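Each chain, letter by letter, is given below.
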Amino acid sequence: MNTSALITMLSTWIVVIGFTSYFFIKVLKGNNDQNQIDNGN
Amino acid sequence: MSKTNQKLPVSIKAEAWGSRVGLVLAMAGNAVGFGNFLRFPVQAVQNGGGAFIIPYLVSLVILGLPLLLIEWSSGRYGGQFGHHSTPFIMHSLHRGRIWKYVGVFGIFCNIAIAAYYCYMESWTMSYVYHSVAGTFNGLSQHDVAGFFSQYLDVTVSTTGIPFEAILFFVLCLALNTWILSKGLSAGVEKTAKIGVPLLILFGVFLAWKGINLTPGEDGAVFGGSEGLNFLWTPNYDSLANPKVWLAAAGQIFFTLSVGMGSIQCYASYLKKNEDVACNAMSAGFMNEFVEIVLGSAIVIPIAIGYLGIDRVVDLTGLGGLGLAFRTMPFLFEQWGPVLSALAGVAFFGLLFFAGITSSLAMGTPIVGFLQDEFKWRRKPAAMTFGLIILFLGLPTVLFFQQGVFDEYDYWAGTVSLVVFAMFEAILFAWFFGMKKGWAEINRGADIKVPLVFKYLLQYVTPVVLIVVFVSSLLRPANDDWSKISLTGWPLHPESIIGKLIHKEGTANPKYFADRYYSELDGKVDSVWKQSYRYYVQVIPAGKTHEFAQTFTLDASGKLLISKGDQVIKNQPLYEGRVINRIFFVDMSRLLLLALFLGISLLVHIAYTRRKKENSI
């Protein structure tokens, strides 16, 4: 791969993977109590 | 400006999400669709390679993320008043008479898109089956491409299963209906919890294979890095072209599933103080991970590894769907019988999970609407969704070649999204009011939303959406924006006005005719007769067999051409009774219009009823 392609790809991937992990970890660590399930109808 | 509904909640939420992770996965599953794997890489190839990521990320920040925040927070807000579909969610944001009818788009888009989306989903189901059954083993590239064309022709069965396309469509629809009838947590959420991780697993496996392709091994001509290099090498000149920016904005719409009404519907099942900001970002970025990381590392690297850059650039003209269904099974074949079956299951399986988690989101708004407004139970509401999709979807199955599928995709899956997103951004920022809107976004938030988003939401996003809409309305021919002038300019056939007036032009402009004329210059590749019909396959001049167009004509008439003939546009090909494509195109538009008006009528009835009951 040429350098500019590699830099573009890796920097984009790092940013995206970083944000994805950050927010998902926040979700996992956050309050997970949801409403009571009711599928009675 | 703010004049909102201050009434107390009118109904207790009967359904809710089982867990926060389940909600985020369901939202991510809603967003992740075929477009992540098939549309994004093709758009990137056609719009400047690596430089496409710049307008793409800018669009994500100024359009995508703000729209996610708007849709999540307005959905949760409407849910507090017992509303789970956009007509009354929008009404809860502002009591202006028009908004509940604008909200009709949020049910209409989902139903109309589901009608053809479930059909695509059924292709992936069928291709998983054929990958396991080894149908593609030993087929040439030409035959694999031909298999897809034959699959789409429901009148004959050359795939071994009678009426296969209809069978798989009905099967897929039944599965969707069954899952929807199980409820939000036991159906939709459970599917997302299984589907999304599996999809990512399959994607990682294929991306690994794609990146690690080695020239000379398994018949590969180039390494996987060749494809990545091609996809990610920036062509900065393309940034000066407005077409590239519009393509990036369009991709953000498709990929995040904004402007549809399904996000509001899912978010409406949240409690008043539950987080929306962090959840929205998490689901949004999960989608971006699948698109930018996995989506860029599968189709293009594998295709270039076997076919080379020039051929793949040519094939992207078919769009992502053509590349996936006409080409990929042949490429997997090169990996040997076991690995090709595995790769086929992984590739079409991931597309299936991407599809079903999206189509379930499309079914939820109408189910919620029928439950809220007409007090239906979930099962009959889900069944009704299934029947509506069967009725609306069958024309796309039966008349695929006549352009019904493309019409649904254009009007419901493209134009309506932009229109709805534009109105909801204006409603949220300028009518609901940014002060209340910002408070709503931040209530219960697990992250601090940067203040810049407040200004983006108020000024930039609505203005950009208006610009995108006007550009789509008046897009110039050949995307040559330098031709724009006060004295007028030729319109692109794909512009909204161009579409309305059939600007693309046709050699067969009448609904019914006694002759059929060639629509293109090219060569007759094959002619055959089957089940009382002639099939004429023409390869456009300068193109390869993947681009062949098949015309089906009644065998009671007389063919005027034979195999090997060169044909030119407007040349008569056939004499006999013909129903032209333009008939099917116009009828599809009427059907979509009738659907929109029908939903509007239901909204009107529901509103009148609520007024009488004083519950709105």
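Residues numbered from 1 in each chain as written. Chains lettered and ligands numbered in written order. Predicted model: local features only at pLDDT ≥ 70, side-chain atom pairs only at ≥ 80, totals over all residues. Heavy atoms only, no water.

Draft legend 1. Geometry of the overall build of chain A. When you go through chain A residue by residue, the secondary structure sums to one helix and zero strands. A burial count over chain A gives 27% of its 41 residues as buried. Element-wise, carbon and sulfur atoms account for 64% of the exposed surface of chain A, whose accessible area totals about 2600 Å². (Helix = DSSP H or I, 4+ residues; strand = E, 2+ residues; numbered from the N terminus. Buried < 20%, exposed > 50% of the residue type's maximum accessible area, 1.4 Å probe, protein only. Areas by Shrake-Rupley, 256 points an atom, 1.4 Å probe, with all protein chains shown as cover.)

Draft legend 2. View of the nonpolar core. Residue and element names in this part refer to chain B. Ranked by size, the top nonpolar core spans 200 residues in total, and within it F37, W72, F108, W123 and F347 carry the most contacts. Residue contributions to this core peak at 22 residues, all from helix α19 (residues 404–442). Residue contacts for F347: discarding those within four places in its chain leaves L38, L206, I298, V299, A324, M328 and F332. With 15 residues, the next largest nonpolar core counts V538, I561, L573 and Y574 among its residues. (Core = buried A, V, L, I, M, F, W, Y, C linked by side-chain atoms within 4.5 Å. Contact = heavy atoms within 4.5 Å.)

Draft legend 3. Geometry of the sheet that holds strand β1 (residues 512–517) of chain B. Residue and element names in this part refer to chain B. Here three strands make up an open sheet; going across it, the order is β1-β7-β5 and the pairing antiparallel. The open sheet has two edge strands, β1 and β5 (558–559), and neither has a second partner. Looking at chain direction, β5 and strand β7 (residues 572–579) are connected through two bridges and run antiparallel. Bridge assignment links L559 to a residue of β7, and that residue is Y574. (Pairing = 2+ DSSP bridges.)

Draft legend 4. Representation of the interface of chain B and chain A. In this assembly, 46 residues from chain B lie in contact with 28 residues from chain A. Both faces combined, the contact of chain B with chain A buries some 3100 Å², and carbon together with sulfur accounts for 65% of it. In this structure, the connection of chain B to chain A is made through zero salt bridges. Scanning the region where chain B abuts chain A turns up five residue pairs in polar contact (both at pLDDT 80 or more). For the side of chain B that touches chain A, the elements supplying multiple residues, two or more each, are α1 (20–31), α3 (53–79), α9 (184–211), α10 (224–232), α13 (277–294) and α18 (378–398) of chain B. Looking at which element gives the most residues to the side of chain B that touches chain A, the answer is α13(B), with ten residues. (Buried area = accessible area lost by both parts, 1.4 Å probe. Salt bridge = Lys/Arg side-chain N within 4 Å of Asp/Glu carboxyl O. Polar contact = N/O pair within 3.5 Å; in protein donor to acceptor, adjacent residues only side chain to side chain.)

Draft legend 5. Just the sheet that holds strand β4 (residues 549–554) of chain B, in detail. Residues and elements named next belong to chain B. Here we have four strands laid out as an open sheet, ordered β4-β3-β2-β6, and antiparallel in their pairing. Edge positions in the sheet fall to β4 and β6 (566–567), since each has one partner strand and no second. Two elements, strand β2 (residues 522–530) and strand β3 (residues 533–540), share eight bridges in a ladder whose sense is antiparallel. From the neighbouring strand, S526 faces β3, where its bridge partner is Q537.

Draft legend 6. Spotlight on the packing of helix α17 (residues 337–374) of chain B against α18(B). Residue and element names in this part refer to chain B. Running from N to C, α17 and α18 cross one another at 125°; their axes reach a closest spacing of 9 Å. Between α17 and α18, the interaxial angle falls into the category oblique. In the packing of α17 onto α18, the handedness of the crossing is right-handed. Only R378, A381, A382, T384 and F385 of α18 make contact with α17, whose side of the interface consists of S359, M362, G363, T364, I366, V367, L370 and Q371. Of the residues assigned to the contact of α17 with α18, the class counts are seven nonpolar, five polar and one charged. (Axes fitted to C-alpha atoms, helices over the stretch in contact; angles between N-to-C directions. Parallel < 35°, antiparallel > 145°, perpendicular 65-115°, else oblique. Left-handed = near helix turned anticlockwise from the far one by under 90°. Nonpolar A, V, L, I, M, F, W, Y, C, P; charged D, E, K, R; others polar.)

Draft legend 7. Main features of unusual backbone geometry. All names here are of chain B. Despite not being glycine, S257 has its phi angle at roughly 55°, a positive value. For S257, the position within the fold is in the loop between α11 (242–256) and α12 (262–267). Judged by its relative accessible area of 6%, S257 falls in the buried class.

Draft legend 8. Molecular detail of the pattern of salt bridges. Residue and element names in this part refer to chain B. Throughout the structure, instances matching the rule amount to 14 salt bridges over all chains. The partner of R378 in a salt bridge is E15, and the shortest N-O contact between them spans 2.5 Å. Linking R378 in helix α18 with E15 in the segment before α1, this pair joins segments that are 363 residues apart in sequence. E15 carries the same exposure label as R378, and that label is buried. Between R76 and E440 there is a salt bridge, and its shortest N-O distance comes to 3.5 Å. Of this pair, R76 sits in helix α3 while E440 is found in helix α19, placing the two residues 364 residues apart along the sequence. You'll find R76 and E440 in the same group, each marked buried. Taken together, the salt bridges that share partners define one network made up of E407, E494, K499 and R589.

Draft legend 9. Molecular detail of the packing of α19(B) against helix α22 (residues 581–612) of chain B. Residue and element names in this part refer to chain B. Where α19 contacts α22, the two axes come as close as 9 Å, and the packing angle between them is 40°. Considering their axes alone, α19 and α22 lie oblique with respect to each other. When you trace α19 past α22, the crossing you get is right-handed. On α22, the residues that touch V404, D406, E407, Y408 and W411 of α19 are R581, F584, V585, S588, R589, L591 and L592. When the residues that make up the contact of α19 with α22 are grouped by side-chain class, the tally is seven nonpolar, one polar and four charged.

Draft legend 10. A look at the pairing of β3(B). All names here are of chain B. Of all eight residues in β3, seven are buried, a share of seventy percent or more. Across six bridges, β3 lies against β4 in antiparallel orientation. Following the sheet pairing, V538 is matched in β4 by Q549.

Draft legend 11. Broad picture of the packing of aromatic side chains. Residue and element names in this part refer to chain B. Taken as a whole, this structure holds 50 aromatic pairs over all chains when the rule is applied. For the pair Y127 and F147, a centre-to-centre distance of 5.8 Å together with 75° between the ring planes defines the contact as edge-to-face. A residue pair is termed long-range when its members are at least 10 positions apart, and Y127 in helix α6 (residues 105–133) and F147 in helix α7 (residues 141–152) qualify at 20 residues. The same class applies to Y127 as to F147, namely buried. In this structure, K100 is placed above the aromatic ring of Y607, and the distance from its NZ or CZ to the ring centre is 3.8 Å. Between the NZ or CZ atom of K499 and the centre of the ring of Y410, over which it lies, the distance is 4.9 Å. (Phe/Tyr/Trp six-rings, centres within 6.5 Å; stacked < 30°, edge-to-face > 60°. Lys NZ or Arg CZ within 6 Å of the ring centre and 35° of its normal.)

The quantities given are spatial measurements derived from coordinates; they are silent on function.
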